[in-house]
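Analysis of the macromolecular model
So you can see what is in the structure, the chains are spelled out below.
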Amino acid sequence: MRDFTLYLIFALTCLTAPRVLAQPDTLWSARVTATGNPAIYSAINHSSGDLILVGETNPGLPSSNFLISRLSPAGAVVWTRTFGGSSNDAAYSCVELPDGNLVVAGGFGGNAIQLMALSTSGDSLWSRAYANGTTSTVCDITLLHDGTIAVVGTRLASDTVRSDLWLLKCTASGDTVWTRVFGGSNSDIGYRISERPDRSLLMTGYSRSNGARDYDFWLLHTDSLGNPLTSTLYGSSGPDMCYDFADGDSVVYLAGKTTIASANRGYLAKANGAGDSLWARSYTHGGVEEQLRGIVAQESGEAICAGWSGPSWNDRQCWLFAITPDGSESWQWVYGPAASGFYGIIPVTAGGYLAFGQISEANVRKGYAVRLSLSQIRGSVVEWGTGAVVASARVDIGGTTQYVITDAHGEFRLGIVNGTYDLTVSGSCISRDTLRQVVVPPDSFVTADFHVRRPHVVWLESSISTVVHNHVRTTLPLHIVNSGNGAMDFGIIAQPVRPAGPWLSVTPDTTRINAGDTLTVQVEIAPDTTDDGTHEFYGNLLVRTNSCPGSTETIPVTAFALNADGKAALSPQNFSLAAYPNPFNPRTTLTLSVPQAARITLSIYDITGRCVAVLTDQPFAPGTYLLPFDAGSLPSGLYFARVESALFTSTRKLMLLK
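Predicted model only: the values in this text are computed from it and were never measured.

Our focus in this paragraph is the overall build of the protein chain. Helices and strands together make up the secondary structure of the protein chain, namely 0 helices and 53 strands. By the compact-globule yardstick of 26 Å for 658 residues, the protein chain is too spread out, its C-alpha radius of gyration being 34 Å. Within the protein chain, buried positions represent 52% of all 658 residues. Across the protein chain, the fraction of contacts at a sequence separation of at least 24, relative to all contacts at a separation of at least 6, is 53%. Carbon together with sulfur atoms contributes 50% to the accessible area of the protein chain, which is approximately 26600 Å² in total. One way to put it: in the protein chain the 43 positive side-chain charges average out to a point 1 Å from where the 55 negative ones average out.

If you want it as structure tokens, here you go:
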């Protein structure tokens with residue numbers, strides 16, 4: 001059948017998979033200490049494999065400073081740096097530049113937005129302050145595709161009463177390119193920003209303007225120059241504050257808190273890629289002080305949220321939970337002594353997730369980071385016999401909606417709860433195959449490798465042209481050969497084009513063709529002209545296979561129906577020349593109507609006037625004739641079909657599109 005290797009490795013592992021169904025396991029946890037009560041607000045994956053954490057040394061106190069720490073992949077603290085003076089300074093976000101250096105964004109004394117560049121060893125390279133003298137803060141920073149930086153935050157509005165969302169674009173050295181301000185008649189807060197593949201910017205925060213009932217979640221979409229595209233609010237009847245979002249292009253998750261009867265609850269909203277609301281709801285673990293400060297989305301549409309839950313601010317714990325695409329909870333996990341909480345969560349490049357924030361141990365608060373994982377199936381898809389990797393193959397887990405696409409190295413990872421599963425691989429250019437009874441123990445990963453074969457389709461007919469009798473069913477064969485070394489999945493759809501109606505059908509319409517076998521499809525033509533003078537029938541057979549190369553083929557079908565008694569062809573009233581399909585690739589059929597006997601020449605010319613084919617040059621009796629034209633050897637372009645006789649001359653344009 002096929003070779004496969006199945007290894008079972010009992011070990012904690014990372015999670016990069018698209019679905020979460022069980023509580024996570026802790027790979028390691030790290031503490032970041034400094035003078036004061038440090039907290040971690042943001043984290044990034046560094047290209048070295050290390051993790052960069054940023055925050056502040058003494059939240060809420062005037063003596064607080066920037067806090068930046070670097071962790072190894074195993075969770076060891078490589079270095080920790082603090083920067084600042086006697087004012088309230090805090091670092092809220094960080095990006096890595098192409099050279100590996102860092103740019104940290106934060107607030108400086110509550111009156112300025114500050115960017116600071118650091119070397120990979122944590123040495124200060126430069127710093128810049130923006131909006132100095134105005135109550136301002138920055139919350140997020142992102143590196144754009146062109147190497148510039150976008151920063152989002154909040155600054156006091158011109159009326160010195162309300163606040164506006166503030167957007168800055170600057171060079172990698174901190175020079176301002178432009179700034180934008182967004183706000184309404186009340187206070188508006190900017191919190192997170194990301195760049196979409198189309199180079200537009202997506203920002204979130206919360207707003208009391210723009211029609212908000214109180215504070216509402218706010219999603220702002222601009223073009224690459226900061227010009228507004230859409231502005232959308234989400235929320236309940238109470239105040240709702242958004243602290244993070246996960247942009248999957250097709251869906252967006254927003255996370256924060258809502259206040260219900262004087263109690264803070266976790267709050268989530270989900271929108272489609274255009275920002276239209278899909279749902280919004282609150283979540284609780286039974287506490288009074290609950291917030292969601294971070295969220296990551298998965299390929300399946302599920303998400304993992306991080307925050308805190310407890311009876312009060314000083315008696316809260318770290319809180320994680322996962323949701324399904326409809327917002328239902330998959331699991332919840334609460335950990336830590338009092339006065340602890342998560343401020344965010346990110347996926348780790350090497351696998352798993354990193355949740356970060358603050359933990360209190362022995363009445364001492366510390367920066368806290370924990371790496372999490374679930375059980376997982378890992379593997380690769382390679383070609384049988386050659387070992388060539390197969391990218392973009394789909395691996396499904398039987399009995400679930402989970403699937404993953406292999407990467408450029410033919411590798412895949414799927415997070416899964418412990419159990420026994422069947423894995424199926426499918427895709428273009430490969431035969432579908434199944435690994436059965438793959439056992440996944442708790443807190444471990446299984447390696448399952450596929451060795452797949454390749455089907456190859458051979459078309460024995462490139463088109464079907466025939467003369468049939470009106471009101472009589474005619475069956476014609478269509479032969480498909482699989483000359484590859486693997487089974488081929490086959491599907492065919494009959495598409496009547498002109499006239500409409502069920503005159504064209506096929507049997508079978510789906511099946512599997514084993515390697516070396518030939519399938520004969522019965523193509524049934526059942527014309528019914530309803531005696532209205534319509535006797536030319538055009539349609540297509542759309543064939544899809546998992547063959548390589550090419551997985552889709554369109555086979556044109558043309559039929560001319562004789563008169564109802566089945567004895568003599570209907571004579572057309574006028575000379576005419578038509579082509580279908582047109583445009584075509586690379587075959588079309590010319591329909592020639594001849595009301596009187598005549599000698600006719602039908603030739604094809606290119607755009608320069610050169611004759612490239614002569615389809616016929618002979619006498620014709622009265623009737624309608626179907627003349628196929630195969631342009632497979634000709635280049636794409638405009639051609640002319642010209643019919644010439646003593647009684648009739650006509651030219652039709654033909655467009656060949658390859």
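The structure having been displayed, the exposition proceeds.
Another aspect to go through is the sheet that holds strand E35 (residues 433–440). In spatial order, the strands read E32-E31-E34-E35; together these 4 strands make up an open sheet with antiparallel pairing. Two strands in the sheet have a free side with no partner beyond their single neighbour: strand E32 (403–405) and E35. Across this sheet, the average inter-strand angle for adjacent strands is 20 degrees, counted without regard to direction. Here 4 bridges tie strand E31 (residues 394–397) to strand E34 (residues 419–426), and the two strands are oriented antiparallel to one another. Across the sheet, residue Val395 finds its bridge partner in E34, namely Val425.

One finds Leu478, Ile480, Phe490, Ile492, Val521, Ile525 and Leu541 to be the most contacted residues of the largest nonpolar core, which totals 24 residues. Looking at this core, the elements with two or more residues in it are strand E39 (464–469), strand E40 (474–482), strand E41 (488–498), strand E42 (504–507), strand E44 (518–525), strand E45 (536–545) and strand E46 (552–562). When neighbours within four sequence positions are excluded, Val521 is seen to be in contact with Leu476, Pro477, Leu478, Ile480, Phe490, Ile492, Val506, Thr507 and Pro508. Residues Phe575, Leu602, Ala613 and Tyr639 belong to the second largest nonpolar core, which totals 22 residues.

Here strand E20 (residues 251–260) lies mainly inside the structure; 7 of its 10 residues are buried. Pairing analysis gives 7 bridges linking strand E19 (residues 240–247) to E20, with the strands arranged antiparallel. Residue pairing across strands places Ala246 opposite Tyr253, the latter belonging to E20. Where E19 folds back on E20, the antiparallel hairpin that results is connected by 3 residues, among which Asp249 adopts a positive phi of roughly 70 degrees. For E20 and strand E21 (residues 263–272), the ladder comprises 10 bridges, and the chain directions are antiparallel. By the bridge assignment for E21, Val252 is matched with Ala271. Count of turn residues in the E20/E21 antiparallel hairpin: 2 residues, of which Ala261 carries a positive phi of about 50 degrees.

Right, let's get into the sheet that holds strand E12 (residues 149–156). Taken in spatial order, the 4 strands make up an open sheet running E11-E12-E13-E14, and their pairing is antiparallel. Both edges of this open sheet fall to strand E11 (136–143) and strand E14 (176–182), since each of them pairs with a single strand only. Adjacent strand axes in the sheet meet at a mean angle of 20 degrees when their direction is disregarded. Bridge count for E12 against strand E13 (residues 163–170) is 8 bridges, and the pairing is antiparallel. Its bridge partner lying in E13, Leu156 is registered against Ser163.

A few words on the environment of Gly387. The residue Gly387 is located in the loop between strand E30 (376–383) and E31 in this model. Looking at Gly387, the relative accessible area reads 42%, which means it is partly exposed.

Of all 11 residues making up E46, 8 are buried, and the element is well covered by its neighbours. In terms of strand pairing, E39 meets E46 through 6 bridges, oriented parallel. Across the sheet, residue Val468 finds its bridge partner in E46, namely Ala561.

Okay, the pattern of salt bridges next. Overall, the coordinates contain 21 salt bridges when judged by the stated rule. Asp175 is the partner of Arg128 in a salt bridge, and the nearest nitrogen-oxygen pair spans 2.9 Å. Here Arg128, found in strand E10 (residues 124–130), pairs with Asp175, found in the loop between E13 and E14; they are 47 residues apart in sequence, far enough to count as distant. Of the residues examined, Asp175 reaches a relative accessible area of 35% and is grouped as partly exposed. With its nearest N and O atoms 2.9 Å apart, the salt bridge here joins Arg432 to Asp489. Of this pair, Arg432 sits in the loop between E34 and E35 while Asp489 is found in strand E41, placing the two residues 57 residues apart along the sequence. Judged by its relative accessible area of 38%, Arg432 falls in the partly exposed class. Owing to a relative accessible area of 22%, Asp489 belongs among the partly exposed residues under this scheme. Several salt bridges share partner residues, and in doing so they unite Arg31, Glu361 and Lys366 into one network.

Of the residues in the protein chain, 91% reach a pLDDT of 70 or more, and the chain-wide mean stands at 86. Of the regions scoring below 50 in pLDDT, residues 1–22 engages in 98 contacts with residues more than four places distant in sequence or in other chains. Confidence drops under a pLDDT of 50 for residues 564–569, and excluding neighbours within four residues, the segment shows 8 contacts in the predicted structure.

This part covers the environment of Pro228. Checked against the element boundaries, Pro228 lands in strand E18 (residues 228–234). Considering only alpha carbons, one finds Pro228 and Ser200, 28 residues apart in sequence, at a separation of 9.8 Å. Once residues lying within four places of it in the same chain are set aside, the contact partners of Pro228 are Phe182, His221 and Thr222.

Bringing the packing of aromatic side chains into the picture now. When we look at a pair of aromatic rings, we describe it by the centre distance and by the angle of the planes. For the structure shown, the criterion picks out 21 aromatic pairs. Ring centres 4.9 Å apart and planes at 75 degrees place the aromatic pair Tyr41 and Tyr343 in the edge-to-face group. With a gap of 302 residues between them, Tyr41 in strand E3 (residues 39–45) and Tyr343 in strand E27 (residues 341–347) connect regions that are remote in the sequence. With a relative accessible area of 10%, Tyr41 lands in the buried category. Classification of Tyr343 as buried rests on a relative accessible area of 10%. Aromatic pair Phe620 and Tyr625: ring centres 4.9 Å apart, planes at 75 degrees, arrangement edge-to-face.

Counted under the stated rule, the structure contains 0 disulfides. Cys139 provides the cysteine sulfur closest to Cys242, a residue in no disulfide bond, and the two sulfurs are 11 Å apart. Relative accessible area serves as the criterion here: at 0%, Cys242 is assigned to the buried category.

In this structure, the amide linkage connecting Arg498 to the following residue, Pro499, adopts the cis form with an omega of -5 degrees. The omega angle of the peptide bond from Thr507 to Pro508 is -5 degrees, so this bond is cis rather than trans. If you check the backbone angles, Ala339 has positive phi at about 65 degrees while not being a glycine. Position of Ala339 among the secondary structure elements: in the loop between strand E26 (329–335) and E27. A relative accessible area of 7% places Ala339 in the buried class. Of note, Ala362 is a non-glycine position whose phi angle comes to about 55 degrees, a positive value. Residue placement: Ala362 occurs in the loop between strand E28 (353–361) and strand E29 (364–373). Exposure remark for Ala362: the relative accessible area of 74% places this residue in the exposed category.

Cut-off values and rules
Residues numbered from 1 in each chain as written. Predicted model: local features only at pLDDT ≥ 70, side-chain atom pairs only at ≥ 80, totals over all residues. Heavy atoms only, no water. Helix = DSSP H or I, 4+ residues; strand = E, 2+ residues; numbered from the N terminus. Rg over C-alpha atoms; globule rule 2.2 N^0.38 Å. Buried < 20%, exposed > 50% of the residue type's maximum accessible area, 1.4 Å probe, protein only. Contact = heavy atoms within 4.5 Å. Areas by Shrake-Rupley, 256 points an atom, 1.4 Å probe, with all protein chains shown as cover. Lys, Arg positive; Asp, Glu negative; His and termini not counted. Charge placed at Lys NZ, Arg CZ, Asp CG, Glu CD. Pairing = 2+ DSSP bridges. Axes fitted to C-alpha atoms, helices over the stretch in contact; angles between N-to-C directions. Core = buried A, V, L, I, M, F, W, Y, C linked by side-chain atoms within 4.5 Å. Salt bridge = Lys/Arg side-chain N within 4 Å of Asp/Glu carboxyl O. pLDDT = per-residue confidence, 0-100. Phe/Tyr/Trp six-rings, centres within 6.5 Å; stacked < 30°, edge-to-face > 60°. Disulfide = S-S within 2.5 Å.

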